[in-house]
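# Inside the fold
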Amino acid sequence: MIQRIQSVWLLVSSLVLFGLFLFPYVGYIDLVGLGKNIYVTGVYSSVNNVATKESGFLLMTIVTVLLGLFPLFIVFKYKSRKLQLKLILGQVVLLCLMAIWMFVAASRILDQINQTIGANNIGVGFFLLPVSVICLAFAIKGIRNDEKLIKSADRLR
């Protein structure tokens, strides 16, 4: 059923992934001294407290939207718990690939100005993917608890 705890965890996972549009995953200062942030939508610079887009990541934006909608799709597969488990594991793999892609994209941008990704320029968005994976792990736990409950009810019949 939809009103299970795993549905809540999948919804939270989806909301966390959409948080990537709000929070930068890397912030840095370029050679001129301007503060810049890297989002999944592109690189933004801050000039006179106004964010201006310098370059865009169209493909990363599309993939982020799809990854954010996928947990909502998984919620409606409640009739097949085994399929839900497989889809969630697939989502975790896709999130790991997305994290690698985001790291490589940020590294390429920072290599142009001879900087590396360090603790001083990591943004909030950097931590959203692991939070989403944790939410998916809790959803897996909820699905497995439902599976146990159904098996025990079948034994009682």
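Nothing here was measured: the structure is a model prediction, and the numbers come from that model.

### Thoughts on the environment of serine 80
- Tracing the sequence through the fold places serine 80 in the loop between helix H2 (58-75) and helix H3 (81-111).
- Separated by 17 residues in sequence, serine 80 and valine 63 place their C-alpha atoms 25 Å apart.

### Remarks on the packing of helix H1 (residues 5-18) against H2
- The contact between H1 and H2 brings their axes to 8 Å, and the two run at 170 degrees. Between H1 and H2, the crossing angle belongs to the class labelled roughly antiparallel. Taken together, the residues of H2 that come into contact with H1 (itself represented by Ser7, Leu10, Leu11, Ser13, Ser14, Leu17 and Phe18) are Thr64, Val65, Leu67, Gly68, Leu69, Pro71, Leu72, Ile74 and Val75.
- Grouping the amino acids of the contact of H1 with H2 by side-chain chemistry returns eleven nonpolar, five polar and no charged.

### Some thoughts on the side chain of serine 132
- Mapped onto the fold, serine 132 is located in helix H4 (residues 128-156).
- Relative accessible area serves as the criterion here: at 0%, serine 132 is assigned to the buried category.

### Considering the sheet that holds strand S2 (residues 35-38)
- Taken together, four strands build an open sheet; the order of strands is S1-S2-S3-S4 and the sheet is antiparallel. Looking at the sheet topology across the chains shown, the edges are occupied by strand S1 (26-29) and strand S4 (50-56). Strand-to-strand twist in this sheet, taken as the mean axis angle between neighbours without regard to direction, amounts to 25 degrees.
- Pairing geometry for S1 and S2, over four bridges, is antiparallel. Bridged to valine 26 within S2 is isoleucine 38.
- Along the sheet face, H3 touches S1, S2 and strand S3 (42-47) and points at about 0 degrees away from the line of S1.

### Thoughts on the nonpolar core
- Formed by 32 residues in total, the largest nonpolar core has its most connected members in Tyr25, Tyr28, Ile38, Met60, Ile88 and Met102.
- Ranked by residue count, the leading element in this core is H3, at ten residues.
- Apart from residues lying up to four places away in sequence, methionine 102 is in contact with Leu20, Tyr25, Val40, Met60 and Leu129.

Cut-offs used in this document
Residues numbered from 1 in each chain as written. Predicted model: local features only at pLDDT ≥ 70, side-chain atom pairs only at ≥ 80, totals over all residues. Heavy atoms only, no water. Helix = DSSP H or I, 4+ residues; strand = E, 2+ residues; numbered from the N terminus. Axes fitted to C-alpha atoms, helices over the stretch in contact; angles between N-to-C directions. Parallel < 35°, antiparallel > 145°, perpendicular 65-115°, else oblique. Contact = heavy atoms within 4.5 Å. Nonpolar A, V, L, I, M, F, W, Y, C, P; charged D, E, K, R; others polar. Buried < 20%, exposed > 50% of the residue type's maximum accessible area, 1.4 Å probe, protein only. Pairing = 2+ DSSP bridges. Core = buried A, V, L, I, M, F, W, Y, C linked by side-chain atoms within 4.5 Å.

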